[in-house]
Amino acid sequence: MSTKPIRVLVLTCSTRPGALGPTVTRWLTETIAPRAAELGAELVPVALDDLNLPFLDEEEPGVHRHEHTRRWSAIVGAADGIIAVTPEYNYGMPATLKNALDYLTREWAWKPIGFVSYGHTSAGTRSVQHAKQVVTTLRLVPLGATVAIRIGDGLRPDPARDRAGIGLLDELVRLAHALRPMRERSAAAPGPLPGSYVRPLTSDDASEVAVLQRCCWVDEALANDSLAIPALHESLEDVSDWLSAWHTTGVWRDGRLLGMVRARRTGADWHIGRLAVVPDLRGRGVGRWLLRAAEAAADPGCHRAELFTGAKSLHNIALYHSEGYQTMPPAGPEGTTTLAKPLR
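Quick caveat: nothing in here was measured; it's all calculated off a predicted structure.

(A) Quick look at the packing of aromatic side chains. If you walk through the whole model with that rule in mind, you get two aromatic pairs. With a centroid separation of 5.9 Å and 70° between ring planes, the pair formed by Trp 72 and Trp 108 is classed as edge-to-face. Here Trp 72, found in helix α3 (residues 67-77), pairs with Trp 108, found in the loop between α4 (95-103) and β4 (112-119); they are 36 residues apart in sequence, far enough to count as distant. Side by side, Trp 72 and Trp 108 carry an identical accessibility label, which is buried.

Encoded structure:
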């Protein structure tokens, strides 16, 4: 899975003047911030009181006509998980939280949500039970871990409560990583295999790309009797650098990178490279699909696609010939074959 940091929205739900919520949120963020840094998680505190969301005023679910909805959508859409700091009002969650949930649909899907509640006798736990009925309908995934604070106890130093807050964060981050393929798939285009999806690769994917290169270019090294293949020697920093410079497409399934291809413009040519498919899925059309996707993404001003492969990589050369590529005079590194085709 991607090594992109987990973004955690810490949501203060009460808008009541003088509410305890901001104080609870401050305790929570200060307590869990060191652990968040260790886990590579970013805490983003947001107060519903600052958003000024009116009662739901959008005519159609998922269609954001108002600026306040678009702003709220951007905040939630960028999050990987949510911690709701909520009071209990009359055996239920605040109307402000229900209203904020109702504004959005797809932005909530496949994200974990944890609760820090506060109240009198029940310490806000009935608010959490009420909220769980709603959030599951939105395909949010509630945690088992919770933190419940009795108002009468105040917020005096409490090591057990601190440990509970850190435990909630630990569970949320683990679940956010596990659910990332579900979030990505719901927002991405379908891939060539059942259950697969396609998305651009970024420098956050450097670890997965480095592993894919190692396993895919061993065969090339054996076929060409040479270890002088850049893909076998690049560091994570090298991979991250070229991911920032090339248009790179990856095919994923269940958090596993199945294949990739990169391309960029050089003059009037569209250069294609690093076409790779995991060994256990070769022969199922993934490489051909990626090659065509790279060609389709060519800049309008490019007149031909160009690539190179090992001179003895006969299987690769046969694939490119079948896709209309012709062998060209040597233009790549020594020991390679250059191929090109016109682009429409």
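(B) Representation of the sheet that holds strand β1 (residues 6-12) in the model. What the five strands build is an open sheet, ordered β2-β1-β3-β4-β5; its pairing is parallel. Edge positions in the sheet fall to β2 (41-47) and β5 (141-150), since each has one partner strand and no second. Going from strand to strand, the sheet's axes swing by 20° on average, the running direction of each strand aside. Here β4 runs beside β5; their pairing, made up of seven bridges, is parallel. Looking at β5, one finds that Ile 113 is bridged to Pro 142. Each of β3 (81-87), β4 and β5 touches helix α5 (residues 125-137); the most contacted strand, β4, lies at about 155° to it.

(C) Region of the structure containing the pattern of salt bridges. A complete count under the given rule lists 18 salt bridges for this structure. Asp 205 is the partner of Arg 199 in a salt bridge, and the nearest nitrogen-oxygen pair spans 2.8 Å. Per residue, the accessibility class of Arg 199 equals that of Asp 205, and both read buried.

(D) Looking closely at unusual backbone geometry. Not every positive phi belongs to a glycine, and Asn 52 is a case in point at roughly 55°. With respect to the helices and strands, Asn 52 occurs in the loop between α2 (48-51) and α3.

(E) Spatial organisation of the environment of Lys 132. In this structure, Lys 132 sits in helix α5. Lys 132 sits 26 residues away from Asp 158 along the chain, and the two C-alpha atoms are 27 Å apart. Excluding residues that lie within four positions of it along the chain, Lys 132 makes contacts with Phe 115, Pro 142 and Leu 143.

(F) Structural context of the sheet that holds strand β12 (residues 326-328). Pairing within the open sheet is mixed, and its eight strands lie in the order β6-β7-β8-β9-β10-β11-β13-β12. With partners counted over all chains shown, the strands left at the sheet margins are β6 (189-190) and β12, one partner each. Here β6 runs beside strand β7 (residues 197-200); their pairing, made up of two bridges, is antiparallel. Bridge pairing links Pro 190 to Tyr 197 in β7. In the packing of helix α10 (residues 314-322) onto the sheet, contacts are made with β10 (269-277), β11 (304-310), β12 and β13 (336-342), and the angle to β11 comes to roughly 165°.

(G) Region of interest: the packing of helix α1 (residues 21-39) against helix α6 (residues 159-187). At a minimum axis distance of 9 Å, the contact between α1 and α6 shows a crossing angle of 45°. Judged by the angle between their axes, α1 and α6 are oblique. At the point where α1 passes α6, the crossing takes the right-handed sense. Contact residues: α1 offers Trp 27, Leu 28, Thr 31, Ile 32, Arg 35, Ala 36 and Leu 39, while α6 offers Arg 161, Asp 162, Gly 165, Ile 166, Leu 169, Asp 170 and Val 173. Residue classes in the contact of α1 with α6 are distributed as eight nonpolar, two polar and four charged.

Reading the values: rules and limits
- Residues numbered from 1 in each chain as written.
- Predicted model: local features only at pLDDT ≥ 70, side-chain atom pairs only at ≥ 80, totals over all residues.
- Heavy atoms only, no water.
- Phe/Tyr/Trp six-rings, centres within 6.5 Å; stacked < 30°, edge-to-face > 60°.
- Helix = DSSP H or I, 4+ residues; strand = E, 2+ residues; numbered from the N terminus.
- Buried < 20%, exposed > 50% of the residue type's maximum accessible area, 1.4 Å probe, protein only.
- Pairing = 2+ DSSP bridges.
- Axes fitted to C-alpha atoms, helices over the stretch in contact; angles between N-to-C directions.
- Contact = heavy atoms within 4.5 Å.
- Salt bridge = Lys/Arg side-chain N within 4 Å of Asp/Glu carboxyl O.
- Parallel < 35°, antiparallel > 145°, perpendicular 65-115°, else oblique.
- Left-handed = near helix turned anticlockwise from the far one by under 90°.
- Nonpolar A, V, L, I, M, F, W, Y, C, P; charged D, E, K, R; others polar.

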